[in-house]
Structure formats: structure tokens, C-alpha cells
Amino acid sequence: MSIITFTNWIATAPSWIQGLPEWLQTLCYQFWQTFIYQDRWHFFVDGLKITFIVTLGALALGIIIGIIIAVIRVSYDNSIEKKIPLVIRILNSFCKLYLTIIRGTPMMVQLLIMGFVIMVPKTDGGMIVCGIVTLGINSGAYVAEIARSGIMSVSRGQTEAGRSLGLNYFQTMRLIIIPQAVKNILPALGNEMITLLKDTSLVSVIALRDVTKQAQNIVSKTYQAYIPYISLAVIYLIIVIVLTKLLGIFERRLRKSDHR
Amino acid sequence: MITVKDLHKTFHTPDGDLQVLKGVSDHIEKGEKVVIVGPSGSGKSTFLRCMNLLETPTSGEVWFEDKLVNDKKSDIDKIRMQMGMVFQHFNLFPHKTIMQNITLAPTKLKLMSKEEASEKALQLLKRVGLVEKADAYPAQLSGGQKQRIAIVRALAMNPKVMLFDEPTSALDPEMVGEVLQVMSELAESGMTMAVVTHEMGFAREIADRVLFMHDGLILEQAPPSEFFGNPQNPRLQDFLAKVL
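Residues numbered from 1 in each chain as written. Chains lettered and ligands numbered in written order. Predicted model: local features only at pLDDT ≥ 70, side-chain atom pairs only at ≥ 80, totals over all residues. Heavy atoms only, no water.

**Student:** What is the right way to look at the interface of chain B and chain A in this model?
**Tutor:** By convention, interface size is frequently given as the accessible area that disappears when the constituent parts associate. Taken together, the contact pairs 31 residues of chain B with 23 residues of chain A. For the pair chain B and chain A, the two sides together bury roughly 2300 Å², of which 57% comes from carbon and sulfur. Counting across the chain B and chain A interface gives two salt bridges. Counting every contact that joins chain B to chain A gives six residue pairs in polar contact (both at pLDDT 80 or more). The set of elements that each furnish at least two residues to the side of chain B that touches chain A consists of strand 1 (2-13), helix 2 (76-81), strand 6 (83-86), helix 3 (98-108) and helix 5 (143-155) of chain B. (Contact = heavy atoms within 4.5 Å. Buried area = accessible area lost by both parts, 1.4 Å probe. Salt bridge = Lys/Arg side-chain N within 4 Å of Asp/Glu carboxyl O. Polar contact = N/O pair within 3.5 Å; in protein donor to acceptor, adjacent residues only side chain to side chain. Helix = DSSP H or I, 4+ residues; strand = E, 2+ residues; numbered from the N terminus.)

Following this line, the structure appears as C-alpha cells:
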């Protein structure tokens, strides 16, 4: 496949481009190479799909893992005064081990180990699952501590009120404590969501073609780094801005019970 | 209805053990209204909270009807459904409307359908004069209103006994009356009640029996006329001299 040189391209370009200063012409040429020539914008769209799937999957997994761990850790801390059941003791040590390992090793290393040692996926679907599982397990460790702070922020009286009505421990957690905890931790959780979205850019190390990987692919075709990488940054930025806005709306809706 | 035998409770704190109950025994009859008074730190709240196992006794027995409450084998949630509790700090669920606060437990525990629970809630709200607050959130209510709702929430479970843990202590003085009014009406309706309070006037008015607790023990118990008119224990005489 022949590369269309700048000189060739500018000769066939529309006249309004030919009237521009030379540095702008170069920019237009690079933009054309990055997005338009051979419909390369498809690369970005395909990459975004992977990025979104991995982010959403990992987010859901992370929140589930995080809440389970937080509930275990809180039940352990709350039962200090009485005798602590053996099951809770074992689960708590397991959770602590998990938190130590996950928070103590780099995400990139975790991806490499999952991708090439533990799961070793062969298919596209397998790689996506591998990415989701790795990022979800990683995110779960951070969500766990956020969720724990949220559960502890709900006053003890709420648990007592729930239990005194005859709800069991898990009903009280699910119906009374966790909804209030979620409201309290939403800003921190939003932060984690944004971090997670940006962390998906690492999945290219297990050969997942997310939006970052696709930008790299374009660079390897055009030998131009400027437009692809700047566009990539802008894409992430726009998603984060939209996400922040949505979270703000959601937060305001949850706060409706606070109005006097 | 409730029998307590030689109840002990020790809290293990970082500063050492704190013995709060040192052998409390009592029996509350069906329909009886028992008011527990005493200086702060005397163990009266702990005693009340042991009855529905919000505190686990260190030793001793708590019986509710024919069930041993502090037995590992007994289903504490089932027992608690029959024992309503009202707290000093209301503990309404702030993320739920008043209606949801009241109907949550009866519906989630499958004791009533949604319709039955709402109907019951409206009926009870009417009784305490707060029907128009059904769709409000707790944050929009005054302290007195919150406590009346807390009472309604407990009553919605159709409990056999109601436990009150200093229900008016966190209220502004002008709101105490409206809560005591609701409690008096409840007493007249024949509910079995155990009330920890500092409201001596209320104790004199509704109690069948007043208990005086001091330093983890029940030092004196008598009908209100005798209790206030002719106290025997010097500690009680001293206490009454201070509060009356």
C-alpha cells in the first residue's frame, strides 16, 4: 500500500485548504491521514467499544467485590466486643491478603500475570473477559475501602433501628445501611470510576484493541504521532467530563431526602 | 410477659472492664406499664436494651413469653418483631419517606401486603395526627414529629410490648408534651410498656410500677404513689430530692 505524500495530497485537496498557511496545511494532512483516509475513524470507534465494555464490566465487578469485602470487614470490626465467629475471622484474613496484594502491585503487572500466566486467553472474547476480570479485581480493592468508609459513616442507631424491627443483619445492610452509604461515598466512587476508565488504556499489554491501542495502530501506519495521540487525549477527556456531569445529576437526585 | 433473671452485663473497653449490670431480676406482666428511672450511668438503658438483645447479656436469662431470648438457638429476629423499640435519637431512616419508614419492615418481612401495610400506616398516622407528613422525609420533621413517627413505625409491626429508651431526652422542651401524649394514649389502649425516662410526671401518671436503678442494681420498686410519696431507699430519696 503506497503512502500518499504531503505533496501529492495537497495537490488534490480542496482550494480552501490550499489557501491556508503551511503549518495548518500539515495539520489538515495529518488529520486526514488519521481519521479520513481508508476510513480510519473506524479504529477509534472499535477501540471505544472495547474501552466501554471493559470499563463497565470491571466497574460492575469492582463494586460487587468491593461491597462484599466491605461488609465482611465491617462485620469483623463490629464484632470485636463479642466472640468473633470463625468464618468471619477466616474471610477477614482472606480480604486483608487480597487488599495487600492488589494494592501492593502495579496494575500493569497484574494484567501481564493474568494475561500470560493465569488466564492466558486465546480468543477476542477471552481477552475481553481477562481484561474485565483483572481490572474488576483491581478496582474492587479500592472500592472495598471506599465502601467500608461509607458503611462506617452511617450511624450505629440505624443498624439498631433495623434490627429492633426484626430485620436480620443482611436485610438491614441491604435496605438501610448500604443505600445511605452509597449516597455518602458517591463522590469517591465517581473518582474510582474515572480512574478505572483511564486505567483501561493499559489493557493493550494483553493485546486487547482498546482505543489507546487503536491510536497506536494508526501511528504505526501514518508515522505521525501528533494528531492520533492528541485526539486520544481529547476522547478520554470528553468521556470523563460527561461522566462527571452524569454523576453530579445522580448525586443531586439521591440528595432529595436531605431537603428541609 | 418478660422475665429477667440475674442479669449481668460487662462492657470490655480499652480502659478496662465496666460492669454495668450487676444482677438485675424483674418480671413484667402482660399489659403492665413499667417505668425505669435512675441517675445516668445506672444501667437502665442497658437493662432495657438487653430485653431485645441489642446488648448481649454477659450472664443471666431474659425470657419473652415462653422463649429464652438470649439463647443461641432462639430466632432473635422473630422475637424482635414482637417487641417494638423507640430510641432516644429516633433513628428514622433518612433515605426513606415517612410512609416507607413505617411500611418497610412489615412488607419486607412478609407480615403484610403493601396495601395492608399502607392502610395500617395511615390509620396509625391519623392516631398521632401526622397523616399529612406521609410523603415527607424525616429531615423535614421536627424532633417531636420524628419521635411520634418512630413510635408509629414500631407499632406498625403489631408488637406485644413496647420498649422506650429515653424517648424524650433529645427533644426540645416544647416538644416533650406531644410525645408523652402519644405514649399516654398507647398506655390507655392496654399496651405492655417498659419506659426508661427522666420524666417523673409521666411516670407518676401512667406507671403501674416504677423501678429505681442505681449502679447496676434495682434498689427499689413500687407503684408510683408509694414510690414518690414514701421512698424507702436513701439513694432514691436523694435522687428524688434532686429531680423533683
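After that view, the rundown keeps rolling.
**Student:** What is the right way to look at helix 9 (residues 169-199) of chain A in this model?
**Tutor:** Two residues of an α-helix separated by three or four positions point the same way, owing to the 3.6 residues in each turn. Residues and elements named next belong to chain A. End to end, helix 9 covers just 36 Å across 31 residues, shorter than the expected 45 Å (1.5 Å per residue, more than 12% under). Of all the bends found along helix 9, the most pronounced is centred on L186 and spans about 60 degrees, while P187, a proline, follows it within four residues. You can read the cap of helix 9 off the contacts: a side-chain oxygen lies 3.1 Å from the backbone nitrogen of F170, and it is on N168. (Expected span 1.5 Å × (residues − 1). Bend = angle between axes of the 7 residues up to and from the residue.)

**Student:** Help me understand the packing of aromatic side chains, please; the structure alone is not making it clear to me.
**Tutor:** Aromatic ring pairs are described here by two measures, namely the spacing of the ring centres and the angle between the planes. Evaluated as defined, the whole model comprises seven aromatic pairs over all chains. Ring geometry for F31 of chain A and F35 of chain A: centres 4.9 Å apart, planes at 40 degrees, overall tilted. Of this pair, F31 of chain A and F35 of chain A are both found in helix 3 (residues 22-36), four residues apart, which corresponds to roughly one turn of the helix. For F31 of chain A, a relative accessible area of 40% translates into the label partly exposed. Plain terms: the ring middles of Y169 of chain A and F170 of chain A are 5.3 Å apart, the flat faces sit at 85 degrees to each other, and that makes the pair edge-to-face. When its relative accessible area of 21% is taken as the criterion, Y169 of chain A is described as partly exposed. Ring pairing ties together the aromatic residues Y29, W32 and Y37 of chain A, which thus form one cluster. Cation over ring: K9 of chain B sits above F11 of chain B, and NZ or CZ is 5.0 Å from the ring centre. The ring of F93 of chain B is capped by R153 of chain B, whose NZ or CZ atom sits 4.4 Å from the centre of that ring. (Phe/Tyr/Trp six-rings, centres within 6.5 Å; stacked < 30°, edge-to-face > 60°. Buried < 20%, exposed > 50% of the residue type's maximum accessible area, 1.4 Å probe, protein only. Lys NZ or Arg CZ within 6 Å of the ring centre and 35° of its normal.)

**Student:** Where do I start with the layout of surface pockets in this structure?
**Tutor:** The probe, sized like a water molecule, is rolled over the atoms to show the empty space still left. All names here are of chain A. Estimates place the volume of the second largest pocket at around 380 Å³. As for the second largest pocket, its lining consists of 19 residues, and the residues nearest its centre are Y98, I101, I102, M114 and I137. Put simply, the parts of the chain that give the lining of the second largest pocket at least two residues each are helix 4 (41-78), helix 5 (86-104), helix 6 (107-118) and helix 7 (124-153). The dominant element in the lining of the second largest pocket, judged by the number of residues it contributes, is helix 5, at seven residues. (1 Å grid on protein atoms, 1.4 Å probe; cavity = no way out; pocket = protein on both sides within 12 Å on 5 of 7 lines; lining within 4 Å. Points joined across faces, edges and corners; volume = space filled by probe spheres on them.)

**Student:** Teacher, can you tell me more about the packing of helix 4 of chain A against helix 10 (residues 211-222) of chain A here?
**Tutor:** The description of two packed helices rests on the angle between their axes and on the distance between the axes. All names here are of chain A. For the pair helix 4 and helix 10, the least separation of the axes is 7 Å and the interaxial angle reads 155 degrees. As judged from the angle between their axes, helix 4 and helix 10 are roughly antiparallel. Crossing of helix 4 over helix 10 shows right-handed handedness. Residues F43, F44, D46, G47, L48 and T51 of helix 4 lie in contact with helix 10, whose contacting residues are V211, Q214, A215, N217, I218 and K221. Partitioned by chemical class, the residues of the contact of helix 4 with helix 10 number six nonpolar, four polar and two charged. (Axes fitted to C-alpha atoms, helices over the stretch in contact; angles between N-to-C directions. Parallel < 35°, antiparallel > 145°, perpendicular 65-115°, else oblique. Left-handed = near helix turned anticlockwise from the far one by under 90°. Nonpolar A, V, L, I, M, F, W, Y, C, P; charged D, E, K, R; others polar.)

**Student:** Is there a simple way to explain the sheet that holds strand 2 (residues 16-28) of chain B in this structure?
**Tutor:** Residues and elements named next belong to chain B. Overall, antiparallel pairing links the four strands, which are arranged 2-1-4-5 in an open sheet. The strands lining the two open edges of the sheet, one partner per strand, are strand 2 and strand 5 (67-68). When strand 4 (residues 59-64) meets strand 5, the two strands line up antiparallel, connected through two bridges. By the bridge assignment for strand 5, F64 is matched with K67. In this fold helix 1 (residues 44-51) packs onto strand 1, strand 2 and strand 4, with an angle of close to 65 degrees to the strand it touches most, strand 2. (Pairing = 2+ DSSP bridges.)

**Student:** Would you mind showing me how to read unusual backbone geometry here?
**Tutor:** Glycine aside, negative phi is the norm for most residues, and most peptide bonds take the trans geometry. Residue V120 of chain A is not a glycine yet carries a positive backbone phi of 40 degrees. Topologically, V120 of chain A is positioned in the loop between helix 6 and helix 7. Phi at E65 of chain B is positive, roughly 50 degrees, even though this residue is not glycine. Mapping E65 of chain B onto the fold places it in the loop between strand 4 and strand 5.

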